[in-house]
Amino acid sequence: MQLRNLQIPAGAVFAPMAGLTDAACRHLMADHGAAWTVSEMASAKALNFNDQKSFALLKDAHPHGLYAIQLFGCEPEALEKAVLLVREKGIRFDILDINMGCPAPKITNSGAGSKLLLDPPLCGRMVAAARRALGEDTPLTVKMRIGWDAEHLTGVEVAKQCEANGADLIAVHGRTREQMYVPPIDAGAIAAIKQAVSIPVLANGDITTAEGALTLLKETGCDGVMIGRGALGDPWLFEQIRAALLGEEAPAEPTLNQRMNALRAQIYEMCEEKGEWLAMPQARSQAMHYMKGLRGAASLRRYCSMLEHFTDVDKLIDAVYRLQE
(Lines give C-alpha, C1' and ligand atoms only; values in the text may rest on other atoms or scores of the structure.)
Protein backbone atom coordinates (compact mmCIF):
# COMPACT_ATOMS: atom_id res chain seq x y z
CA MET A 1 0.00 0.00 0.00
CA GLN A 2 1.24 3.49 -0.87
CA LEU A 3 0.15 6.52 1.17
CA ARG A 4 1.52 9.71 -0.38
CA ASN A 5 5.29 9.47 0.10
CA LEU A 6 5.15 6.32 2.25
CA GLN A 7 5.35 2.70 1.19
CA ILE A 8 3.44 0.76 3.82
CA PRO A 9 4.71 -2.75 4.62
CA ALA A 10 2.34 -5.72 4.67
CA GLY A 11 0.72 -6.37 8.00
CA ALA A 12 -1.88 -5.17 10.46
CA VAL A 13 -1.79 -1.70 12.01
CA PHE A 14 -1.59 -1.33 15.79
CA ALA A 15 -4.47 0.86 16.97
CA PRO A 16 -4.14 3.70 19.48
CA MET A 17 -5.65 3.07 22.91
CA ALA A 18 -5.70 5.67 25.65
CA GLY A 19 -3.43 4.75 28.55
CA LEU A 20 -2.16 1.59 26.86
CA THR A 21 -0.15 2.41 23.74
CA ASP A 22 2.90 4.03 25.23
CA ALA A 23 6.30 3.85 23.51
CA ALA A 24 7.27 0.50 25.07
CA CYS A 25 4.05 -1.11 23.87
CA ARG A 26 4.32 0.41 20.39
CA HIS A 27 7.94 -0.66 20.00
CA LEU A 28 7.07 -4.24 20.91
CA MET A 29 4.26 -4.38 18.34
CA ALA A 30 6.40 -2.80 15.64
CA ASP A 31 9.23 -5.24 16.31
CA HIS A 32 6.76 -8.09 15.76
CA GLY A 33 5.51 -6.81 12.43
CA ALA A 34 2.90 -4.07 12.89
CA ALA A 35 2.67 -2.06 9.65
CA TRP A 36 2.65 1.12 11.73
CA THR A 37 1.83 2.13 15.29
CA VAL A 38 -0.11 5.11 16.64
CA SER A 39 0.47 7.32 19.68
CA GLU A 40 -2.05 7.81 22.43
CA MET A 41 -4.42 10.60 21.46
CA ALA A 42 -3.62 14.18 22.41
CA SER A 43 -6.01 17.11 22.62
CA ALA A 44 -5.58 19.73 19.91
CA LYS A 45 -6.90 22.38 22.29
CA ALA A 46 -4.43 21.37 25.03
CA LEU A 47 -1.59 21.58 22.54
CA ASN A 48 -2.76 25.09 21.64
CA PHE A 49 -2.31 25.98 25.31
CA ASN A 50 1.21 24.51 25.28
CA ASP A 51 0.29 21.68 27.64
CA GLN A 52 3.53 19.74 28.05
CA LYS A 53 1.82 16.50 29.08
CA SER A 54 -0.04 16.51 25.77
CA PHE A 55 3.13 17.05 23.79
CA ALA A 56 4.76 14.24 25.78
CA LEU A 57 2.04 11.81 24.65
CA LEU A 58 3.19 12.34 21.06
CA LYS A 59 6.95 12.22 21.52
CA ASP A 60 8.85 9.08 20.65
CA ALA A 61 12.59 9.66 20.62
CA HIS A 62 13.31 6.37 18.88
CA PRO A 63 10.21 5.11 17.06
CA HIS A 64 10.33 1.56 15.75
CA GLY A 65 9.02 1.41 12.20
CA LEU A 66 6.44 3.84 10.84
CA TYR A 67 4.89 6.02 13.53
CA ALA A 68 1.64 7.98 13.55
CA ILE A 69 0.45 10.56 16.05
CA GLN A 70 -3.24 10.96 16.86
CA LEU A 71 -5.02 14.22 17.72
CA PHE A 72 -8.59 14.82 18.83
CA GLY A 73 -10.79 17.89 18.97
CA CYS A 74 -13.84 19.49 17.38
CA GLU A 75 -12.51 22.87 16.21
CA PRO A 76 -10.81 22.93 12.79
CA GLU A 77 -8.76 26.03 13.59
CA ALA A 78 -7.44 24.50 16.82
CA LEU A 79 -6.52 21.31 15.00
CA GLU A 80 -4.67 23.19 12.28
CA LYS A 81 -2.71 25.19 14.85
CA ALA A 82 -1.95 22.04 16.86
CA VAL A 83 -0.40 20.31 13.86
CA LEU A 84 1.80 23.35 13.22
CA LEU A 85 2.85 23.45 16.89
CA VAL A 86 3.77 19.76 16.85
CA ARG A 87 5.97 20.42 13.83
CA GLU A 88 7.54 23.46 15.52
CA LYS A 89 8.40 21.30 18.56
CA GLY A 90 10.30 18.95 16.28
CA ILE A 91 8.14 15.93 17.12
CA ARG A 92 8.85 13.23 14.57
CA PHE A 93 5.99 11.35 12.92
CA ASP A 94 5.26 9.68 9.60
CA ILE A 95 1.45 9.85 9.62
CA LEU A 96 -1.14 12.11 11.26
CA ASP A 97 -4.37 10.50 12.48
CA ILE A 98 -7.55 12.31 13.52
CA ASN A 99 -9.69 10.61 16.16
CA MET A 100 -13.37 10.45 15.22
CA GLY A 101 -14.13 7.23 17.06
CA CYS A 102 -13.36 7.50 20.77
CA PRO A 103 -16.58 6.72 22.72
CA ALA A 104 -15.39 7.91 26.16
CA PRO A 105 -17.78 10.46 27.68
CA LYS A 106 -14.93 12.79 28.70
CA ILE A 107 -14.07 13.06 24.99
CA THR A 108 -17.55 13.08 23.44
CA ASN A 109 -18.89 15.59 25.98
CA SER A 110 -16.50 18.14 24.49
CA GLY A 111 -17.81 17.44 20.99
CA ALA A 112 -14.76 15.42 19.94
CA GLY A 113 -14.15 11.73 19.23
CA SER A 114 -17.21 9.86 18.00
CA LYS A 115 -19.45 12.90 18.70
CA LEU A 116 -18.08 14.30 15.43
CA LEU A 117 -19.97 11.56 13.57
CA LEU A 118 -23.18 13.50 14.18
CA ASP A 119 -21.83 16.31 11.95
CA PRO A 120 -20.29 14.93 8.73
CA PRO A 121 -19.55 18.39 7.24
CA LEU A 122 -17.58 19.27 10.40
CA CYS A 123 -15.62 16.03 9.97
CA GLY A 124 -14.71 17.25 6.49
CA ARG A 125 -13.60 20.63 7.81
CA MET A 126 -11.44 18.96 10.45
CA VAL A 127 -9.67 16.93 7.77
CA ALA A 128 -9.26 19.98 5.53
CA ALA A 129 -7.70 21.96 8.39
CA ALA A 130 -5.23 19.20 9.16
CA ARG A 131 -4.32 18.85 5.49
CA ARG A 132 -3.57 22.58 5.24
CA ALA A 133 -1.16 22.33 8.16
CA LEU A 134 0.47 19.11 6.95
CA GLY A 135 1.08 20.07 3.36
CA GLU A 136 0.90 17.50 0.58
CA ASP A 137 3.61 15.00 1.52
CA THR A 138 2.49 13.60 4.89
CA PRO A 139 -0.26 10.95 4.96
CA LEU A 140 -3.43 11.88 6.83
CA THR A 141 -5.69 9.17 8.26
CA VAL A 142 -8.94 9.08 10.24
CA LYS A 143 -10.06 6.59 12.90
CA MET A 144 -13.86 6.44 13.09
CA ARG A 145 -16.87 4.28 13.94
CA ILE A 146 -19.86 3.33 11.80
CA GLY A 147 -22.05 5.95 13.49
CA TRP A 148 -23.23 7.47 16.74
CA ASP A 149 -26.15 5.07 17.32
CA ALA A 150 -28.62 2.99 15.31
CA GLU A 151 -30.51 6.13 14.27
CA HIS A 152 -27.35 7.93 13.18
CA LEU A 153 -25.33 5.52 11.02
CA THR A 154 -23.39 8.32 9.39
CA GLY A 155 -20.24 6.35 8.60
CA VAL A 156 -20.64 6.47 4.82
CA GLU A 157 -21.32 10.21 4.76
CA VAL A 158 -18.41 10.91 7.14
CA ALA A 159 -16.05 8.78 5.07
CA LYS A 160 -17.00 10.66 1.90
CA GLN A 161 -16.37 13.99 3.61
CA CYS A 162 -13.00 12.80 4.85
CA GLU A 163 -11.94 11.60 1.41
CA ALA A 164 -13.11 14.80 -0.29
CA ASN A 165 -11.09 16.96 2.09
CA GLY A 166 -7.74 15.21 1.92
CA ALA A 167 -7.75 12.02 4.02
CA ASP A 168 -5.58 9.24 2.59
CA LEU A 169 -6.98 6.32 4.58
CA ILE A 170 -9.82 5.57 6.98
CA ALA A 171 -9.84 2.98 9.76
CA VAL A 172 -13.36 1.91 10.74
CA HIS A 173 -14.30 0.32 14.04
CA GLY A 174 -17.41 -1.72 13.30
CA ARG A 175 -19.62 -0.47 16.11
CA THR A 176 -21.55 2.70 16.92
CA ARG A 177 -20.61 4.90 19.82
CA GLU A 178 -23.69 3.69 21.68
CA GLN A 179 -22.47 0.08 21.40
CA MET A 180 -19.06 0.95 22.85
CA TYR A 181 -17.22 -2.44 22.64
CA VAL A 182 -20.16 -4.90 22.51
CA PRO A 183 -21.93 -6.62 20.67
CA PRO A 184 -19.84 -8.12 17.81
CA ILE A 185 -18.82 -5.68 15.09
CA ASP A 186 -20.99 -5.06 12.02
CA ALA A 187 -18.87 -6.19 9.06
CA GLY A 188 -21.62 -5.14 6.63
CA ALA A 189 -21.47 -1.55 7.83
CA ILE A 190 -17.69 -1.51 7.37
CA ALA A 191 -18.15 -2.96 3.85
CA ALA A 192 -20.62 -0.18 2.97
CA ILE A 193 -18.06 2.45 3.98
CA LYS A 194 -15.35 0.70 1.96
CA GLN A 195 -17.60 0.68 -1.10
CA ALA A 196 -18.42 4.38 -0.72
CA VAL A 197 -14.84 5.70 -1.04
CA SER A 198 -11.83 5.10 -3.26
CA ILE A 199 -9.13 5.59 -0.60
CA PRO A 200 -7.91 2.59 1.45
CA VAL A 201 -10.04 1.45 4.38
CA LEU A 202 -8.91 -0.62 7.37
CA ALA A 203 -11.36 -2.85 9.25
CA ASN A 204 -11.10 -2.75 13.04
CA GLY A 205 -12.68 -4.72 15.86
CA ASP A 206 -12.79 -8.23 17.37
CA ILE A 207 -9.64 -9.53 15.62
CA THR A 208 -7.73 -11.98 17.80
CA THR A 209 -6.35 -14.46 15.23
CA ALA A 210 -4.84 -14.41 11.75
CA GLU A 211 -7.82 -16.42 10.50
CA GLY A 212 -10.17 -13.82 11.95
CA ALA A 213 -8.27 -11.07 10.15
CA LEU A 214 -8.54 -12.85 6.79
CA THR A 215 -12.25 -13.53 7.34
CA LEU A 216 -12.94 -9.87 8.13
CA LEU A 217 -11.02 -8.76 5.04
CA LYS A 218 -13.12 -11.12 2.92
CA GLU A 219 -16.38 -9.94 4.49
CA THR A 220 -15.63 -6.23 4.11
CA GLY A 221 -13.42 -5.98 1.02
CA CYS A 222 -11.12 -3.72 3.04
CA ASP A 223 -7.48 -3.04 2.25
CA GLY A 224 -6.16 -4.09 5.64
CA VAL A 225 -6.93 -4.48 9.32
CA MET A 226 -6.22 -2.52 12.48
CA ILE A 227 -5.83 -4.34 15.79
CA GLY A 228 -6.00 -2.94 19.30
CA ARG A 229 -6.87 -4.96 22.39
CA GLY A 230 -6.46 -8.28 20.59
CA ALA A 231 -2.70 -7.74 20.40
CA LEU A 232 -2.12 -6.77 24.04
CA GLY A 233 -0.01 -9.49 25.59
CA ASP A 234 0.20 -11.13 22.16
CA PRO A 235 2.48 -9.12 19.83
CA TRP A 236 3.06 -12.36 17.86
CA LEU A 237 -0.40 -11.80 16.36
CA PHE A 238 1.19 -9.28 13.99
CA GLU A 239 3.69 -11.87 12.75
CA GLN A 240 0.88 -14.36 12.22
CA ILE A 241 -1.29 -11.90 10.29
CA ARG A 242 1.60 -10.74 8.15
CA ALA A 243 2.40 -14.33 7.18
CA ALA A 244 -1.26 -15.00 6.40
CA LEU A 245 -1.52 -11.89 4.21
CA LEU A 246 1.61 -12.89 2.28
CA GLY A 247 0.53 -16.49 1.95
CA GLU A 248 3.50 -17.70 3.98
CA GLU A 249 3.68 -20.54 6.48
CA ALA A 250 2.33 -19.56 9.88
CA PRO A 251 5.08 -18.86 12.43
CA ALA A 252 5.34 -21.08 15.48
CA GLU A 253 3.31 -20.12 18.55
CA PRO A 254 5.43 -18.31 21.15
CA THR A 255 6.86 -20.41 23.95
CA LEU A 256 6.24 -19.58 27.58
CA ASN A 257 9.82 -18.30 27.81
CA GLN A 258 9.25 -15.96 24.88
CA ARG A 259 6.04 -14.64 26.43
CA MET A 260 7.67 -13.97 29.78
CA ASN A 261 10.74 -12.40 28.16
CA ALA A 262 8.49 -10.05 26.19
CA LEU A 263 6.55 -9.13 29.33
CA ARG A 264 9.74 -8.37 31.24
CA ALA A 265 11.28 -6.38 28.36
CA GLN A 266 8.15 -4.29 27.90
CA ILE A 267 7.89 -3.34 31.56
CA TYR A 268 11.63 -2.69 31.77
CA GLU A 269 11.36 -0.21 28.88
CA MET A 270 8.36 1.43 30.55
CA CYS A 271 10.43 1.96 33.69
CA GLU A 272 13.35 3.32 31.68
CA GLU A 273 11.06 5.73 29.85
CA LYS A 274 8.90 7.00 32.72
CA GLY A 275 10.56 5.94 35.93
CA GLU A 276 9.42 3.08 38.13
CA TRP A 277 6.98 5.17 40.18
CA LEU A 278 4.91 6.09 37.10
CA ALA A 279 5.47 2.96 35.06
CA MET A 280 4.57 0.20 37.50
CA PRO A 281 0.90 1.15 38.09
CA GLN A 282 0.46 1.27 34.31
CA ALA A 283 2.35 -2.01 33.90
CA ARG A 284 -0.24 -3.90 35.96
CA SER A 285 -2.84 -3.94 33.19
CA GLN A 286 -0.23 -4.77 30.56
CA ALA A 287 0.99 -7.74 32.61
CA MET A 288 -2.54 -9.10 33.00
CA HIS A 289 -2.85 -9.59 29.24
CA TYR A 290 0.15 -11.93 29.24
CA MET A 291 -1.65 -14.25 31.68
CA LYS A 292 -4.26 -15.18 29.05
CA GLY A 293 -4.59 -18.95 28.70
CA LEU A 294 -2.13 -19.82 31.48
CA ARG A 295 -2.88 -22.28 34.24
CA GLY A 296 -3.87 -20.32 37.33
CA ALA A 297 -4.57 -17.19 35.26
CA ALA A 298 -7.06 -15.77 37.78
CA SER A 299 -4.61 -15.83 40.68
CA LEU A 300 -1.81 -14.58 38.43
CA ARG A 301 -3.92 -11.59 37.39
CA ARG A 302 -4.46 -10.77 41.07
CA TYR A 303 -0.66 -10.87 41.46
CA CYS A 304 -0.37 -8.49 38.49
CA SER A 305 -2.67 -6.01 40.20
CA MET A 306 -0.20 -5.72 43.09
CA LEU A 307 2.98 -4.99 41.11
CA GLU A 308 4.78 -2.05 42.73
CA HIS A 309 8.47 -2.40 41.82
CA PHE A 310 10.26 -3.81 38.81
CA THR A 311 11.66 -6.61 40.99
CA ASP A 312 8.06 -7.75 41.48
CA VAL A 313 7.96 -8.65 37.78
CA ASP A 314 10.55 -11.39 38.30
CA LYS A 315 8.53 -12.72 41.23
CA LEU A 316 5.44 -12.78 39.01
CA ILE A 317 7.32 -14.67 36.30
CA ASP A 318 8.58 -17.19 38.86
CA ALA A 319 4.97 -17.75 39.94
CA VAL A 320 3.96 -18.26 36.31
CA TYR A 321 6.56 -20.99 35.84
CA ARG A 322 5.63 -22.73 39.10
CA LEU A 323 1.96 -22.89 38.14
CA GLN A 324 2.66 -24.25 34.68
CA GLU A 325 4.69 -27.23 35.97
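Look up a bit, the structure's there.
Before going into details, it helps to say that this report is about the structure given with it. (Residues numbered from 1 in each chain as written. Predicted model: local features only at pLDDT ≥ 70, side-chain atom pairs only at ≥ 80, totals over all residues. Heavy atoms only, no water.)

## Description of the overall build of the protein
And then number 1: Assigned secondary structure in the protein consists of 14 helices and 10 strands.
And then number 2: For 325 residues, the compact-globule estimate of 2.2 N^0.38 gives 20 Å, and the C-alpha radius of gyration of the protein, at 19 Å, lies within 12% of that figure.
And then number 3: Principal axes of the C-alpha set define a box for the protein whose edges measure 60 × 45 × 35 Å.
And then number 4: Out of the 325 residues belonging to the protein, those deemed buried represent 56%.
And then number 5: Long-range contacts, defined as pairs at least 24 residues apart, comprise 68% of the intrachain contacts of the protein with a sequence gap of at least 6.
And then number 6: Just so you have it, the protein exposes about 14,100 Å², and 52% of that area is on carbon and sulfur atoms.
And then number 7: Positive and negative side-chain charges of the protein, numbering 33 and 39 respectively, have mean locations separated by a distance of 4 Å. (Helix = DSSP H or I, 4+ residues; strand = E, 2+ residues; numbered from the N terminus. Rg over C-alpha atoms; globule rule 2.2 N^0.38 Å. Buried < 20%, exposed > 50% of the residue type's maximum accessible area, 1.4 Å probe, protein only. Contact = heavy atoms within 4.5 Å. Areas by Shrake-Rupley, 256 points an atom, 1.4 Å probe, with all protein chains shown as cover. Lys, Arg positive; Asp, Glu negative; His and termini not counted. Charge placed at Lys NZ, Arg CZ, Asp CG, Glu CD.)

## Quick notes on the packing of aromatic side chains
And then number 1: This model, assessed by the stated rule, comprises 2 aromatic pairs.
And then number 2: Between Phe14 and Phe238 the ring centres are 5.9 Å apart and the planes differ by 85 degrees, which places this aromatic pair in the edge-to-face class. Of this pair, Phe14 sits in strand S3 (residues 13-14) while Phe238 sits in helix H10 (residues 236-246), and the two are 224 residues apart along the sequence.
And then number 3: In this structure Phe14 comes out as buried when scored by relative accessible area, which is 0%.
And then number 4: Relative to Phe310, the ring of Tyr268 has its centre 5.6 Å away and its plane inclined at 65 degrees; by these criteria the two rings are edge-to-face. Of this pair, Tyr268 sits in helix H11 (residues 256-274) while Phe310 sits in helix H14 (residues 310-324), placing them 42 residues apart in sequence.
And then number 5: The aromatic ring of Phe55 is capped on one face by Lys89, whose charged end is 5.0 Å from the ring centroid. (Phe/Tyr/Trp six-rings, centres within 6.5 Å; stacked < 30°, edge-to-face > 60°. Lys NZ or Arg CZ within 6 Å of the ring centre and 35° of its normal.)

## Things to note about the state of the cysteines
The bond known as a disulfide is covalent and runs between the sulfur atoms of two cysteines.
And then number 1: This structure, assessed with the given rule, holds 0 disulfides.
And then number 2: Left unpaired, Cys304 is separated from the closest cysteine sulfur, that of Cys271, by 14 Å.
And then number 3: Look at Cys304 and you get buried, because its relative accessible area is 0%. (Disulfide = S-S within 2.5 Å.)

## Some words on the packing of helix H6 (residues 120-134) against helix H7 (residues 155-164)
And then number 1: Orientation of H6 relative to H7, taken along the N-to-C sense of each, is 25 degrees, at an axis distance of 8 Å. The orientation of H6 relative to H7 falls into the category roughly parallel. For H6 against H7, the interelement crossing comes out right-handed. The residues of H7 that touch H6, namely those facing Pro120, Pro121, Cys123, Gly124 and Val127, are Glu157, Val158, Gln161 and Cys162. (Axes fitted to C-alpha atoms, helices over the stretch in contact; angles between N-to-C directions. Parallel < 35°, antiparallel > 145°, perpendicular 65-115°, else oblique. Left-handed = near helix turned anticlockwise from the far one by under 90°.)

## Some details on the side chain of Lys194
And then number 1: Checked against the element boundaries, Lys194 lands in helix H8 (residues 187-196).
And then number 2: Judged by relative accessible area, which is 15%, Lys194 ranks as buried.
And then number 3: Engagement of the side chain of Lys194 in a polar contact is seen with the side chain of Asp223, the distance being 2.8 Å.
And then number 4: Not counting the four nearest positions on each side in its chain, Lys194 is found in contact with Ile199, Val201, Thr220, Gly221, Cys222 and Asp223. (Polar contact = N/O pair within 3.5 Å; in protein donor to acceptor, adjacent residues only side chain to side chain.)

## Concerning the layout of surface pockets
And then number 1: Taken as a whole, the second largest pocket encloses approximately 210 Å³ of empty space.
And then number 2: Contributing to the lining of the second largest pocket are 14 residues, with Thr209, Ala210, Glu211, Gln240 and Glu253 lying nearest its centre.
And then number 3: For the lining of the second largest pocket, the secondary-structure elements that each account for two or more residues are helix H9 (210-220) and H10.
And then number 4: Here the lining of the second largest pocket gets 4 residues from one element, more than from any other, and that element is H10. (1 Å grid on protein atoms, 1.4 Å probe; cavity = no way out; pocket = protein on both sides within 12 Å on 5 of 7 lines; lining within 4 Å. Points joined across faces, edges and corners; volume = space filled by probe spheres on them.)

## Here we look at the pattern of salt bridges
And then number 1: Under the counting rule described, the total for this entry stands at 11 salt bridges.
And then number 2: One salt bridge in this structure joins Asp168 and Arg4, with 2.8 Å as the shortest N-O distance. Placement of the pair is Asp168 in the loop between H7 and strand S8 (169-176) and Arg4 in the loop between strand S1 (2-3) and strand S2 (6-7), with a sequence separation of 164 residues.
And then number 3: Asp168 gets classed as buried once you look at its relative accessible area, which sits at 12%.
And then number 4: Ionic pairing is found between Arg26 and Asp60, a salt bridge with its closest N-O pair at 3.0 Å. With Arg26 in helix H1 (residues 23-31) and Asp60 in the loop between helix H3 (52-58) and strand S5 (66-72), this pair connects stretches of sequence that are 34 residues apart. (Salt bridge = Lys/Arg side-chain N within 4 Å of Asp/Glu carboxyl O.)

By themselves, these observations are geometric and do not establish any function.
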